[in-house]
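# Geometric and topological summary
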Amino acid sequence: MSGPPPPSSTDSLDQYAKVNRLCSLCSRMCRHACPTHITTRSDACSPVGRALTIELYRGNKTALTEAPVKRLYQCTLCGACKSWCKPSHELPRIIELARERVIQEHRTPAGLLDFDQIVTQHHNVYGEPHRERFKALTLATNQPPSNDTVLYFVGCTTAYRHPEIATAAIQVLNHLGINTHLLQKEVCCGSPLIRAGFTETAQNLAKQNVEAITQSGIRTIITTCPGCARALKLDYPKLNVPLPKSVRVLHITEFLTRSRQMKRLKQHEAPPPVAEIIPVVYHDPCHLGRELGVYEPPRKLLRLIPGIHLVEFQNNRDHADCCGAGGALPKTFPDLAAQIAKRRLKDAFQTTAGMITSSCPNCKQHFLRHSTKTGPLLPVYDLLELLAGVLK
Ligand code: SF4
Ligand code: SF4
């Protein structure tokens, strides 16, 4: 049998050999935080279970059978294990690299069989027409780029499934007088493909985006999707397709909490009558929190919104539980993804909140899909919708 083709990422499974070995021998100090272990109660479906699977896979250099492939894909790549791990072992990245090898060995799980072809053909994860990417964005103002223009990288889920988030973002940016540009050649950022192991396809998308961004000459990119921000900022260098050094990538909550914008936003503060104050619980998206370290900017913005009282999940910030939408889990194991969402929604009910908010279109989409099945309906909004609502 010939060996697998050379890896497409700049890092490799072998590079993490020592870390993975330590993980596989660990006393499981992160197991209690793993959403898939909590849900399945299976040791195989835990961080150590996955590290052991990878240890055997790496050593034998043979193709995986169905059960271990399942174990590798029953993971949301939420990073909770890493945040509880004393030496911060990069197990989620190791799992991504193991998935890359699974795909190279043509052992693609059933739920992902045509995923990379769909994205390659349509340039988005939903198989929607590429020409309609910005169709629902009624407020887009595409003035020619100037020195202070920011490029709004919209992303697939916002563009095709939750355009109300983009509309709210553009409303806020217009209100602040920010010259906002959309990248007409924007394609999927590649994040969902990187998580699923389709590194080569992600690399091709990264090349297209980097070329279009470079051509635009714009040096500040903002996103409303933490997955897009993470891909552009942290994953593209690992794919050997970095953005030019002069380009900065910010999640919109980081951009809006820079002092100039905050000053202007604060001018709209007007305390409402006490009876109208709604407790709102903020869910930290895994990519935004644990991967990009953005915890306070969304909270600062929420505190600016009149009529809202910010409350917290018991597990918040770097110990926040995943919503269940990460790591391609809704495609590979939808029931498990649903159970994880319902658990987080139940935790939201344990707070005094009358509404759940987040700053990620995928979290919103996943919570909405499952909120009606959990109990009384808990409204779900992106925080930009709440912010745009008071700036009208
Ligand atoms: S990530 Fe850290 S705590 Fe979790 S199994 Fe690995 S070594 Fe142990
Ligand atoms: S990334 Fe999340 S789901 Fe995957 S092993 Fe770590 S804690 Fe579990």
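Along every chain, residues carry numbers that run from 1 in the direction the sequence is written. Written order determines the labels here, with chains lettered from A and ligands numbered from 1. Only residues with pLDDT of at least 70 are given local features in this predicted model, and only at 80 or more are side-chain atom pairs given and counted; all residues enter the totals for whole chains, interfaces and linings.

## A word on the nonpolar core
Applied cut-off: A set of buried Ala, Val, Leu, Ile, Met, Phe, Trp, Tyr and Cys residues, joined to one another through C-beta atoms within 7 Å, is what we call a nonpolar core. Comment: burial labels come from other C-beta atoms within 10 Å of the residue's own C-beta, placed from the backbone, where a count of 20 or more is buried, 12 or fewer is exposed, and between is partly exposed. Whether two residues are in contact depends on their C-beta atoms, placed from the backbone: they are in contact if these lie within 7 Å.
Counting residues in hydrophobic clusters, the biggest one holds 113 residues, and the most contacted among them are Ala98, Ala169, Leu232 and Leu384. Here Ala98 is in contact with Leu13, Ile54, Tyr57 and Leu72, once residues within four sequence places are set aside.

## Quick notes on unusual backbone geometry
As a reminder of what qualifies: Each helix is a run of H or I in the DSSP string that is no shorter than four residues. Each strand is a run of E no shorter than two, and both are numbered from the N terminus.
The backbone phi angle of Arg41 is positive, close to 60 degrees, even though this residue is not glycine. Here Arg41 is to be found in the loop between helix 2 (35-40) and helix 3 (47-60). Positive phi outside glycine occurs at Asn240, with the angle close to 65 degrees. On the secondary structure map, Asn240 appears in the loop between helix 12 (226-238) and strand 4 (248-251). Under the C-beta neighbour-count criterion, Asn240 is labelled exposed, with 12 such atoms within 10 Å.

## With respect to the site of ligand 1
Applied cut-off: We count a residue as near a molecule or strand when its backbone-placed C-beta atom lies within 6 Å of that partner. Three categories are distinguished: nonpolar for Ala, Val, Leu, Ile, Met, Phe, Trp, Tyr, Cys and Pro, charged for Asp, Glu, Lys and Arg, and polar for the others, with Gly belonging to the last.
Taken together, the neighbourhood of ligand 1 is formed by 14 residues, with Cys23, Cys26, Cys30, Cys85 and His89 sitting nearest. Put simply, the parts of the chain that give the shell around ligand 1 at least two residues each are helix 1 (17-24), helix 3 and helix 5 (80-84). The dominant element in the shell around ligand 1, judged by the number of residues it contributes, is helix 3, at three residues. Looking at the shell around ligand 1 residue by residue, the class counts come to 12 nonpolar, one polar and one charged.

## So, the domain arrangement of the protein chain
Note the cut-off: Delimitation of the domains relies on an automatic or database domain assignment.
Assigned domains within the protein chain: domain 1 (14-107), domain 2 (116-261) and domain 3 (269-391). Using only C-alpha atoms to locate each centre, domain 1 and domain 3 end up separated by 27 Å. Contact residues are listed per partner, giving 13 residues for domain 1 and 18 residues for domain 3. Counting residues per element, the ones that place at least two in the side of domain 1 that touches domain 3 are helix 2 and helix 5. Looking at the side of domain 1 that touches domain 3 residue by residue, the class counts come to six nonpolar, six polar and one charged.

## A closer look at the packing of helix 1 against helix 3
Applied cut-off: All axes here are fitted lines through C-alpha atoms, helices being fitted over the stretch that makes contact, and every angle between N-to-C directions spans 0 to 180 degrees. Convention used here: angles under 35 degrees read as roughly parallel, angles over 145 as roughly antiparallel, angles from 65 to 115 as roughly perpendicular, and any remaining angle as oblique. Left-handed describes a crossing in which the near helix is turned anticlockwise from the far one by less than a right angle; the clockwise case is right-handed.
Packing of helix 1 against helix 3 leaves a shortest axis separation of 8 Å and a crossing angle of 130 degrees. One finds that helix 1 runs oblique with respect to helix 3. Of the two elements, helix 1 crosses helix 3, and the hand of that crossing is left-handed. Of the residues in helix 3, those touching helix 1 at Ala17, Asn20, Arg21, Cys23 and Ser24 are Pro47, Val48, Ala51, Leu52, Ile54, Glu55 and Arg58. Classifying every residue of the contact of helix 1 with helix 3 gives seven nonpolar, two polar and three charged.

## Description of the sheet that holds strand 1 (residues 150-153)
Pairing between sheet strands relies on hydrogen bonds along the backbone, with the strands arranged either parallel or antiparallel. Operational definition: Pairs of strands are assigned from DSSP output, requiring at least two bridges between the strands.
Sheet architecture is open: four strands sit in the order 2-1-3-4, paired in parallel fashion. Edge positions in the open sheet fall to strand 2 (180-182) and strand 4, since each of these has one partner strand only. Neighbour-to-neighbour, the strand axes of this sheet turn through a mean angle of 35 degrees, independent of strand direction. Pairing of strand 1 with strand 3 (residues 220-223), which is carried by three bridges, proceeds in the parallel orientation. Considered in strand 3, the bridge of Phe153 is made with Thr223. Packing of helix 12 onto the sheet brings it into contact with strand 1, strand 3 and strand 4, and relative to strand 4 it is tilted by some 160 degrees.

## Structural notes on the environment of Arg131
Within the secondary structure, Arg131 is located in the loop between helix 7 (115-122) and strand 1. Note: C-alpha distance between Arg131 and Gln184 (53 residues apart in sequence) is 9.2 Å.

## Side note on the pairing of strand 7 (residues 355-358)
Relative to strand 7, strand 5 (residues 278-282) runs parallel, the two being bridged by three bridges. Pairing of Val280 across the sheet is with Met355, part of strand 7. Pairing between strand 7 and strand 8 (residues 380-382): three bridges, direction parallel. Along strand 8, the bridge assignment pairs Ile356 with Val380.

## A closer look at the sheet that holds strand 7
Judged by pairing direction, the sheet is parallel, and its four strands sit side by side in the order 6-5-7-8 without closing on themselves. Each of the sheet's edge strands pairs with one partner strand only, and the pair in question is strand 6 (308-312) and strand 8. The mean inter-strand angle of the sheet, taken between neighbouring strand axes irrespective of direction, is 35 degrees. Set on the sheet, helix 20 (residues 383-391) makes contact with strand 6, strand 7 and strand 8; between it and strand 8 the angle comes to about 75 degrees.

## A word on the site of ligand 2
Near ligand 2, the surroundings consist of 15 residues, among which Cys34, Cys75, Cys78, Ala80 and Cys81 are the closest. Residue assignment for the shell around ligand 2 shows that the elements contributing at least two residues are helix 2, helix 3, helix 5 and helix 6 (91-104). A per-class count over the shell around ligand 2 returns 11 nonpolar, three polar and one charged.

## Digging into the packing of helix 3 against helix 4 (residues 66-73)
Between helix 3 and helix 4, the shortest axis-to-axis distance is 9 Å and the interhelical angle comes to 130 degrees. As judged from the angle between their axes, helix 3 and helix 4 are oblique. In the packing of helix 3 onto helix 4, the handedness of the crossing is left-handed. Residues Gly49, Arg50, Thr53 and Tyr57 of helix 3 form the contact with helix 4, whose participating residues are Pro68, Arg71 and Leu72. Tallied by class, the residues present in the contact of helix 3 with helix 4 amount to three nonpolar, two polar and two charged.

## Some thoughts on helix 12
Note the cut-off: Helix span is expected to be 1.5 Å times the residue number reduced by one. The seven residues ending at a residue and the seven starting there each receive a fitted axis; the angle between those axes is the bend at that residue.
Its 13 residues give helix 12 an end-to-end C-alpha distance of 17 Å, which sits within 8% of 18 Å, the value for a rise of 1.5 Å per residue. The largest bend in helix 12 comes to about 40 degrees, at Leu232. Burial analysis of helix 12 places 11 of its 13 residues in the buried class, the great majority of the element.

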